Amino acid sequence: EYEKDPERFRSDPVGTGFYRCIQFTSGNSATFQQTYNYWGDVENVPLHLRANVDVVRYDVILEQQQIQTALETNTIQVYDIQASTAEDFIKNGKVKVWKFPTSWPTVLILNSTAGGMFENNPDFRKAIAYAIDYDAVCLTATKGTGNPMPTFGSESLVGYQKEWEKDGNHAYYDVELAKEYLKKAGIEPGTVTLRTITNSGSDLLVVVQACLAEIGVGMEIEVQDEVQFLTNRFSANLLEWDMCFYGTVPGGFMMNSFYNLLNINAYDFGAIYGAKDQELHDLMIDALYDQTQEKIDKVYYAMQDKQYYCALYQTNNWVGAYNKIEFPIGDLSWKVYPQSCYFADDYDVYYEG
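In this convention, every chain numbers its residues from 1, walking through the sequence in written order. With pLDDT at 70 or above as the cut-off, local features in this predicted model cover only qualifying residues; side-chain atom pairs require 80 or more to be listed or tallied, and sums for whole chains, interfaces and linings still use all residues. Calculation of side-chain values draws on the structure's entire complement of heavy atoms; hydrogens and water are dropped beforehand.

1. Section: the side chain of Ser257
Here is the rule: Numbering goes from the N terminus for both helices and strands, where a helix is a DSSP run of H or I of at least four residues and a strand is a run of E of at least two. Here the term buried applies to any residue with accessible area under 20% of the maximum for its type, exposed to any over 50%, and partly exposed to those in between, with areas from a 1.4 Å probe on protein chains only. Contacts between residues were defined by any pair of non-hydrogen atoms, one from each residue, lying within 4.5 Å.
Mapping Ser257 onto the fold places it in helix α9 (residues 254–262). For Ser257, a relative accessible area of 0% corresponds to the buried category. Setting aside residues up to four positions removed in sequence, Ser257 forms contacts with Pro105, Thr248 and Pro250.

Written out as structure tokens, the structure reads:
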């Protein structure tokens, strides 16, 4: 598009409006220039909306070792990095490192739609929840760089309570209690096999599989392509799966996650877990529009009691940057935007094109 009409790219804002594309310097980098009048007369624009950088060059680097070298030599000034790279930087002190907890709750959905294995059987759902070794799942899923999530969120979310952790996943993983709940659910060990779908590696699912085997529950793992997985995951009523993974986008607030998980108007069959639980939905709506801690607590404890989900783990984002970048910027969900940074007063690296 740029090659067809370069003048349009020079005059029309693209994306957020802070920058516009004016030049592709090569196959793996692009240069962007500030659009001064995107918000109107710059003198009338509040300071926090004014762009304070004239030109930015983006280099596309896919190999982690190349990213590490580029940061160490100050060829680039900021980049998302892997945990292993962050560890190297922390040890050698060559590059500043920031760790941002991702506050997207990763949960295991227990399909409770009509005809599903978990329909109207909270004891069976609790048997699964108590059977899972959350530390082992987290270690496998994040290679030791994440944290087992004690609840459906983290301290970065408004409305989150440390108090919840006493009864959260750290208080779970009790094989004997899981067996008791399985018996209360009316299920004999060795008589049930659950189906699980995923669109990525199955390492952590193998851990869950081994945990469930401890209480006599079988588990089949089916790895699907992206399109197939996303179609099936949002179709609990088709009974293509009994368990699958899901992550919400809380936007900084616990109640956004709860809304995403409990809204029974989202699908014809109810909430994403496949049940039309009016009680949970009403508690969620009441707290959503009047976010007192008392009401948020009611939602949380009701969710724990119903056990439509098992909260699993929390990952972390890592950013490496030149030491005269004071801080990279993240959004309310702590999704990091490394191209947005606070510069030190003596910042001294500028693009020359």
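2. Description of the environment of Tyr173
Take Tyr173: it is sitting in the loop between β7 (147–148) and α6 (175–184). In this structure Tyr173 comes out as partly exposed when scored by relative accessible area, which is 39%. Counting along the chain gives 40 residues from Tyr173 to Asp133, while the straight-line C-alpha distance between them is 5.4 Å. Excluding its chain neighbours within four sequence positions, the residues that come into contact with Tyr173 are Ala129, Tyr130, Ala131, Ile132, Asp133 and Tyr134.

3. Digging into the sheet that holds strand β5 (residues 96–101)
Test applied: Here the rule is simple: two strands pair whenever DSSP picks up at least two bridges between them. Only the stretch in contact is used when a helix axis is fitted, and all axes are lines through C-alpha atoms; the angle between N-to-C directions ranges over 0 to 180 degrees.
Reading across from one edge, β4-β13-β5 is the order of the 3 strands in this open sheet, with antiparallel pairing throughout. Each end of this open sheet is capped by a strand with a single partner; those strands are β4 (78–81) and β5. Mean inter-strand twist for the sheet, computed between neighbouring axes without regard to direction, equals 25 degrees. Both β4 and strand β13 (residues 316–321) contribute to a ladder of 4 bridges, which runs antiparallel. If you follow Tyr79 over to β13, its bridge partner there is Gly320.

4. Quick look at the environment of Asp59
Topologically, Asp59 is positioned in strand β3 (residues 55–59). Judged by relative accessible area, Asp59 falls into the buried class, the value being 19%.

5. What to know about unusual backbone geometry
Not every positive phi belongs to a glycine, and Leu239 is a case in point at roughly 55 degrees. Among the secondary structure elements, Leu239 is positioned in the loop between α8 (226–233) and β10 (243–247). Judged by its relative accessible area of 27%, Leu239 is partly exposed. At Gln307, a position not held by glycine, the phi torsion is positive, near 55 degrees. Considering the arrangement of structural elements, one finds Gln307 in the loop between α11 (293–306) and β11 (309–311).

6. Side note on the confidence of the model for the chain
A low pLDDT means the predicted coordinates there should not be read in detail. Formally: You can read pLDDT as the predictor saying how much it trusts each residue, on a scale of 0 to 100.
Mean pLDDT for the chain: 83, with 84% of residues reaching 70 or above. Summarising per-element confidence for the chain, the mean pLDDT is lowest in strand β1 (residues 19–26) (40) and highest in helix α10 (residues 278–288) (97). Predicted confidence for residues 9–26 stays below pLDDT 50, and this span has 51 contacts to residues more than four positions away or in other chains.

7. Topic: the sheet that holds strand β6 (residues 106–110)
Overall, mixed pairing links the 5 strands, which are arranged β9-β8-β10-β6-β11 in an open sheet. The open sheet has two edge strands, β9 (217–223) and β11, and neither has a second partner. The mean inter-strand angle of the sheet, taken between neighbouring strand axes irrespective of direction, is 30 degrees. The pairing of β6 with β11 spans 3 bridges and is classified as antiparallel. Residue pairing in the sheet places Leu108 in a bridge with Cys310 of β11.

8. Thoughts on the pattern of salt bridges
Note the cut-off: We define a salt bridge as a side-chain nitrogen of Lys or Arg found within 4 Å of a carboxyl oxygen belonging to Asp or Glu.
Inspection of every chain in the model, using the stated rule, returns 10 salt bridges. When the shortest N-O distance is used, the salt bridge between Glu279 and Lys306 registers 3.1 Å. With Glu279 in helix α10 and Lys306 in helix α11, the pair connects residues that are 27 residues apart, well separated along the chain. Here the salt bridges do not stand alone but share partners, grouping Asp277, Glu279 and Lys306 into one network.

9. A word on the environment of Gly251
One can find Gly251 in the loop between β10 and α9. Between the C-alpha atom of Gly251 and that of Val158, which follows or precedes it by 93 residues, the distance is 9.5 Å.

10. Things to note about helix α7 (residues 203–214)
Rules: Helix span, as expected, comes to 1.5 Å for every residue beyond the first.
With 12 residues, α7 should cover 16 Å at 1.5 Å per step; its first-to-last C-alpha distance of 17 Å lies within 8% of that length. Check the buried side of α7 and you find it contacts α4 (122–131), α5 (134–142), β8 (192–198), β9, β10 and β12 (313–314). The positive-phi residue at the C-terminal boundary of α7 is Gly216, with phi of around 85 degrees.

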